[in-house]
Amino acid sequence: MPRLAVTLLGAPAASTPGSPPFALGAKALALLAYLTLEPGPHSRESLATLLWSDSGDAGARASLRQSLKQLRHCFGDAIVADRRTVQLVGPVDCDVLTFLTAARQDD
């Protein structure tokens, strides 16, 4: 599985080794950022509400499916989803997580 690199400080971007940053829609990038910074499984319902609360239930679920399709196309098995939950798995390099780790160690 390729290592995923997520940059959130400055212009947000996501890539895998040897590839330029992927062109992701704003909501797909927001979903990826959330899954990166809040590890573990998240219910589809909570993600749809978080990112598409203004779209109604059916519209929010459809938008979540489209964003997941886009993320899976770019990152493959790093995005794991079933009927109820979604999570990011595998190694992820993220500048925000690196910063937070360094800040905690500096205490």
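Now for a look at the structure at hand. Just so it is clear, the model here is predicted, and its values are computed rather than measured. (Residues numbered from 1 in each chain as written. Predicted model: local features only at pLDDT ≥ 70, side-chain atom pairs only at ≥ 80, totals over all residues. Heavy atoms only, no water.)

What follows deals with a nonpolar patch on the surface. On the surface, a nonpolar cluster with roughly 300 Å² of combined accessible area is contributed by Leu9, Phe99 and Leu100. Locating Phe99 in the fold gives a position in helix α4 (residues 95-105). (Patch = residues over 30% accessible without salt bridge, like charges linked within 9 Å, V, L, I, M, F, W, Y side chains within 5 Å. Areas by Shrake-Rupley, 256 points an atom, 1.4 Å probe, with all protein chains shown as cover. Salt bridge = Lys/Arg side-chain N within 4 Å of Asp/Glu carboxyl O. Helix = DSSP H or I, 4+ residues; strand = E, 2+ residues; numbered from the N terminus.)

Because side chains alternate across strand β5 (residues 85-88), one face comprises the buried residues Val86 and Leu88, and the other comprises Thr85 and Gln87, none of which is buried. Pairing geometry for strand β3 (residues 42-43) and β5, over 2 bridges, is antiparallel. Looking at β5, one finds that Ser43 is bridged to Thr85. For strand β4 (residues 79-81) and β5, the ladder comprises 3 bridges, and the chain directions are antiparallel. Residue pairing for β5: Ala81 is matched across the bridge by Val86. Count of turn residues in the β4/β5 antiparallel hairpin: 3 residues. (Buried < 20%, exposed > 50% of the residue type's maximum accessible area, 1.4 Å probe, protein only. Pairing = 2+ DSSP bridges.)

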